[in-house]
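In case you want the letters, here they are:
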Amino acid sequence: MATGGGGLNAAAAAIGMESIPDGLRIAEEETPSTGSSQSQINDNNSRVGGYIDCGVHITCFSEVSNNGTLHFQIIRLHKQIYAWIGCNSAKFGHLYAAAPTRPNNTVSVTSLLGGASDNTGSGIARRLALKTGLNVIVACNIPKNSPMLEADAEKKLVQKLINLGYTRPKSDGTSS
Amino acid sequence: MDSSLSGQAFPVRHKNLSVDIKGHKTDIILCSYDDHFLVIATQIGSMGTILHARKEEGVSIHPTFNVSVVFGKRDEPMLVACARQLIEHMSNSGSSRPLVLALGLRDHSVVQSQ
């Protein structure tokens, strides 16, 4: 089985990372290969929690529940949020895109890779776009016919988004 | 109910860097999943056009690749060429995992894409 490290370095080498002159590299960081932190926020340029004016924020965390281990990865770009939800594995899963569309900011969702006939993940993408008001791209490998797991994952993901300040404030008084 | 995974690293490794290309700040994110690589290169604050590139199963010596745009601009051949070049480099480096490439570029000229 190919190791993750070798493959990632191959991908990095393929885009010529090693040949980028040091003067051009503004900032660089990498996940540590060991560590037991549950929540890990890699801050590129600006601090998390305030107004994010530039930079990319990557948040990775895992939650163990009765139904299995859920892994979450949230990448906050300036105008878009990418989220990956892994259920017991690090497979990429199916990819969905959701965005608010005219009129009335109703949200449209489409599947990009896989997942044409099942809805696991597409509902999550749609509700994330509703809550954040941003375009969202969601990759999710939760198995089909697991509504409890899907609901659990969505709840944890939304809670983290609220903690990070990426969601719009709710009107029912919940603090964000 | 919720407990941290003691002693276990997050299963997805990622690398995050920022470079300056022709005056535009470009954020590059590399993520390694079990069965895919995700590469995001953005200058516009969003993932932009998303492409999927994979190596075809085959018995010939020279592998063939399938590259397609799954989201975004479908009329920019340099994006497809970029994904094609990238998947070939990765395949030559020994990895046969498919690639999901997100390019949010301001300028689609030849020099920029490389």
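Above this note sits the structure.
For clarity, every value in this text was computed on a predicted model and none was experimentally measured. Position numbers for residues start from 1 in each chain and track the written sequence from start to end. For naming, the first written chain is A and the first written ligand is 1, with later ones following in the order written. Restriction of local features to residues with pLDDT of at least 70 applies here, the model being predicted, together with a cutoff of 80 or more for giving and counting side-chain atom pairs; totals for whole chains, interfaces and linings are based on all residues. Side-chain measures here rest on the full set of heavy atoms in the structure, leaving out hydrogens and waters.

In terms of helices and strands, chain B carries 2 helices and 6 strands. Nonlocal contacts in chain B, meaning residues at least 24 apart in sequence, comprise 48% of its contacts between residues at least 6 apart. In short, Shrake-Rupley with a 1.4 Å probe defines the accessible areas, and a residue's cover is counted only from the protein chains shown. For chain B, the exposed surface amounts to about 5300 Å²; the carbon and sulfur share of it is 50%. Counting from the N terminus, the helices are the DSSP runs of H or I reaching at least four residues and the strands are the DSSP runs of E reaching at least two. Residue contacts are counted whenever heavy atoms from the two residues lie within 4.5 Å of one another.

This next bit is on the packing of aromatic side chains. Between the rings of Phe, Tyr and Trp (Trp by its six-membered ring), a pair exists once the centres lie within 6.5 Å; its type follows the angle of the planes, with under 30 degrees stacked, over 60 edge-to-face, and the other angles tilted. The final tally for this structure, using the stated rule, is 4 aromatic pairs over all chains. On the numbers, 5.0 Å between centres and 55 degrees between planes, the contact of A:Trp84 with B:Tyr33 is tilted. Of this pair, A:Trp84 sits in strand β5 (residues 80–87) while B:Tyr33 sits in the loop between β2 (24–32) and β3 (37–42), on two different chains. Side by side, A:Trp84 and B:Tyr33 carry an identical accessibility label, which is buried. Two thresholds decide whether a charge sits over a ring: the Lys NZ or Arg CZ must be within 6 Å of the ring centre and within 35 degrees of the ring normal. The ring centre of A:Phe61 lies 4.8 Å from the NZ or CZ of A:Lys160, which sits over that ring. Above the ring of B:Phe37, the side-chain terminus of B:Arg97 is found at 4.4 Å from the ring centroid. In this scheme, a residue with accessible area under 20% of its type's maximum is buried, one over 50% is exposed, and one in between is partly exposed, where area comes from a 1.4 Å probe on protein chains only.

Before going further, it helps to spend a moment on the nonpolar core. All names here are of chain A. One finds Ile-74, Ile-85, Leu-128, Val-136 and Leu-157 to be the most contacted residues of the largest nonpolar core, which totals 28 residues. Only β4 (68–76), β5, β6 (94–101), α2 (122–132), β8 (135–140) and α3 (147–164) provide two or more residues apiece to this core. Among the elements that line this core, the one with the most residues is α3, at 7 residues. Every residue in contact with Leu-128, bar those within four places of it in the chain, is listed here: Ala-83, Gly-133, Val-136, Val-138, Leu-157, Val-158 and Leu-161. Side-chain atoms within 4.5 Å are what join buried Ala, Val, Leu, Ile, Met, Phe, Trp, Tyr and Cys residues into a set we call a nonpolar core.

Within the element layout of this structure, A:Cys60 appears in strand β3 (residues 57–65). Taking the C-alpha atoms as reference, A:Cys60 lies 9.3 Å from A:Trp84; in sequence the two are 24 residues apart.

Residue and element names in this part refer to chain A. The element β8 is extensively covered by neighbouring structure, given that 5 of its 6 residues are classed as buried. Bridge count for β5 against β8 is 6 bridges, and the pairing is parallel. Looking across to β8, one finds that Trp-84 is bridged to Ala-139. In this description, strands pair whenever DSSP reports at least two bridges between them. Of the strand pairs in this sheet, β6 and β8 are connected by 5 bridges, and their pairing is antiparallel.

All names here are of chain A. A cis amide bond links Arg-102 with the next residue in sequence, Pro-103, at an omega value of -10 degrees. Here the phi dihedral of Asn-145 falls at roughly 60 degrees; this positive angle occurs in a residue that is not glycine. Checked against the element boundaries, Asn-145 lands in the loop between β8 and α3. Exposure remark for Asn-145: the relative accessible area of 76% places this residue in the exposed category.

Bringing the pattern of salt bridges into the picture now. Residue and element names in this part refer to chain B. For this analysis, a salt bridge means a side-chain nitrogen from Lys or Arg found within 4 Å of a carboxyl oxygen belonging to Asp or Glu. Applying the stated rule across the entire model yields 5 salt bridges over all chains. Arg-54 is the partner of Glu-56 in a salt bridge, and the nearest nitrogen-oxygen pair spans 3.5 Å. Its relative accessible area of 33% is what places Arg-54 among the partly exposed residues. The salt bridge involving Arg-84 is made with Glu-88; its shortest N-O contact spans 2.6 Å. You can see Arg-84 and its partner Glu-88 sitting in helix α1 (residues 77–92), 4 residues apart, about one turn around the helix. With relative accessibility at 31%, the residue Arg-84 sits in the partly exposed group.

Another aspect to go through is the state of the cysteines. All names here are of chain A. Counting rule for disulfides: a pair of cysteine sulfur atoms within 2.5 Å. This structure, assessed with the given rule, holds 0 disulfides over all chains. Considering cysteine sulfurs only, Cys-140 is the nearest to Cys-87, which forms no disulfide, with 8.4 Å between them. The class for Cys-87 is buried, based on a relative accessible area of 10%.

So, on to the pairing of β5(A). All names here are of chain A. Burial analysis of β5 places 8 of its 8 residues in the buried class, the great majority of the element. Because side chains alternate across β5, one face comprises the buried residues Gln-80, Tyr-82, Trp-84 and Gly-86, and the other comprises Ile-81, Ala-83, Ile-85 and Cys-87, equally buried. Examined bridge by bridge, β4 and β5 share 7 bridges and lie antiparallel to one another. Along β5, the bridge assignment pairs Ile-74 with Ala-83. Between β4 and β5, which pair antiparallel and follow one another directly, the connecting turn spans 3 residues.

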